Amino acid sequence: MKAIDSYTDADFKRTIWSALRLLTIVTVVATPLVWWKAGWPSAALLVVGAVISGSGLFEWLRLMSAVMVRMDGGQTARPMAMVLVGFFLRLGVAVVLLYVSLKYLNGSVYALAAGLALGVFALAVEGLRLMKAWTV
């Protein structure tokens, strides 16, 4: 049984990469189903939501890795300004992508919301896996 104090930076990275992998798998499986049931615009909105959600997870990985390197002090850290510029740039691109997809794709907004929620779902599944590893 693992303890919470043994959770390392590598465990964090592995958790986020597992969540990204799960997000990709669910998106690949769900996209044809949404296309078949609601049409290609809704499937495209699902993919847009999943891409935005996945990019958010990846950006969170970069941001937290930069913070953890600074806290540990063992390695040479990347400049925090570049990480923050990348974070806000991704945020701006996500807003533009949301606006454009909602304006020009006349699909279901629920498909977009489902795509955005896939990141939360993937993190919740990974969190449950971690809880199981710590308690069983």
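Being a predicted model, the structure only gives us computed values, none of them experimental.

Thoughts on a nonpolar patch on the surface
Alright, step 1. On the surface, Val-96, Tyr-99, Val-100 and Tyr-104 cluster together into a nonpolar patch covering about 460 Å² of accessible area.
Alright, step 2. You can see Tyr-99 is positioned in helix α3 (residues 80-104).
Alright, step 3. When its relative accessible area of 54% is taken as the criterion, Tyr-99 is described as exposed.

Section: the environment of Leu-105
Alright, step 1. The topology assignment puts Leu-105 in the loop between α3 and α4 (109-135).
Alright, step 2. Since its relative accessible area comes to 18%, Leu-105 is described here as buried.
Alright, step 3. Sequence separation of Leu-105 and Asp-11 is 94 residues, and the distance between their C-alpha atoms is 39 Å.

Let's talk about α3
Alright, step 1. Over its 25 residues, α3 runs 36 Å from end to end, which matches the ideal 36 Å to within 8%, given 1.5 Å per residue.
Alright, step 2. Listing the buried residues of α3 in full gives Met-80, Val-83, Gly-86, Arg-90, Ala-94 and Ser-101.
Alright, step 3. On the buried face of α3, the contacting elements are α2 (40-72).

A short note on the UniProt feature "transmembrane region" (unreviewed entry) in the protein
Alright, step 1. In the numbering used here, UniProt assigns the feature "transmembrane region" (unreviewed entry) to residues 20-36, 42-61, 81-102 and 108-128.
Alright, step 2. Helix makes up 100% of residues 20-36 and strand 0%. Its end C-alpha atoms lie 25 Å apart.
Alright, step 3. Within the segment residues 108-128, helix and strand shares are 95% and 0% respectively, and the terminal C-alpha atoms sit 30 Å apart.

Quick look at the packing of helix α1 (residues 9-38) against α2
Alright, step 1. Here α1 crosses α2 at 175°, and the two axes come no closer than 8 Å. Comparing their axes, α2 and α1 come out roughly antiparallel.

Quick word on the packing of aromatic side chains
Alright, step 1. Per the counting criterion, the structure on display carries two aromatic pairs.
Alright, step 2. Summarising the aromatic geometry, the rings of Phe-87 and Phe-88 are spaced 5.2 Å apart at their centres and angled 75° between planes, so their arrangement reads as edge-to-face.
Alright, step 3. Among the residues examined, Phe-88 registers a relative accessible area of 52% and is labelled exposed.

Focus: the side chain of Thr-15
Alright, step 1. By the secondary structure assignment, Thr-15 is in helix α1.
Alright, step 2. At 2.8 Å, the side chain of Thr-15 and the backbone oxygen of Asp-11 are in polar contact.
Alright, step 3. With residues near it in sequence (within four places) discarded, Thr-15 still touches Tyr-7, Glu-126 and Leu-130.

As for the packing of α2 against α3
Alright, step 1. Packing of α2 against α3 leaves a shortest axis separation of 10 Å and a crossing angle of 170°. Our classification of the angle between α2 and α3 gives roughly antiparallel. Residues Leu-45, Val-48, Ile-52, Ser-55, Gly-56, Glu-59, Arg-62, Leu-63, Ala-66, Val-67 and Arg-70 of α2 form the contact with α3, whose own contacting residues are Met-80, Met-82, Val-83, Leu-84, Gly-86, Phe-87, Arg-90, Ala-94, Leu-97, Leu-98 and Ser-101.

Description of the pattern of salt bridges
Alright, step 1. Scanning the entire structure with this criterion turns up three salt bridges.
Alright, step 2. Note that Arg-14 is salt-bridged to Asp-11, the shortest N-O span being 2.2 Å. Here the residue Arg-14 and the residue Asp-11 both occupy positions in helix α1, the gap between them amounting to three residues, near one helical turn.
Alright, step 3. Asp-11 gets classed as buried once you look at its relative accessible area, which sits at 10%.

Calculation notes
Residues numbered from 1 in each chain as written. Predicted model: local features only at pLDDT ≥ 70, side-chain atom pairs only at ≥ 80, totals over all residues. Heavy atoms only, no water. Patch = residues over 30% accessible without salt bridge, like charges linked within 9 Å, V, L, I, M, F, W, Y side chains within 5 Å. Areas by Shrake-Rupley, 256 points an atom, 1.4 Å probe, with all protein chains shown as cover. Salt bridge = Lys/Arg side-chain N within 4 Å of Asp/Glu carboxyl O. Helix = DSSP H or I, 4+ residues; strand = E, 2+ residues; numbered from the N terminus. Buried < 20%, exposed > 50% of the residue type's maximum accessible area, 1.4 Å probe, protein only. Expected span 1.5 Å × (residues − 1). Contact = heavy atoms within 4.5 Å. UniProt positions renumbered as here; feature names shortened; annotations may be inferred. Axes fitted to C-alpha atoms, helices over the stretch in contact; angles between N-to-C directions. Parallel < 35°, antiparallel > 145°, perpendicular 65-115°, else oblique. Phe/Tyr/Trp six-rings, centres within 6.5 Å; stacked < 30°, edge-to-face > 60°. Polar contact = N/O pair within 3.5 Å; in protein donor to acceptor, adjacent residues only side chain to side chain.

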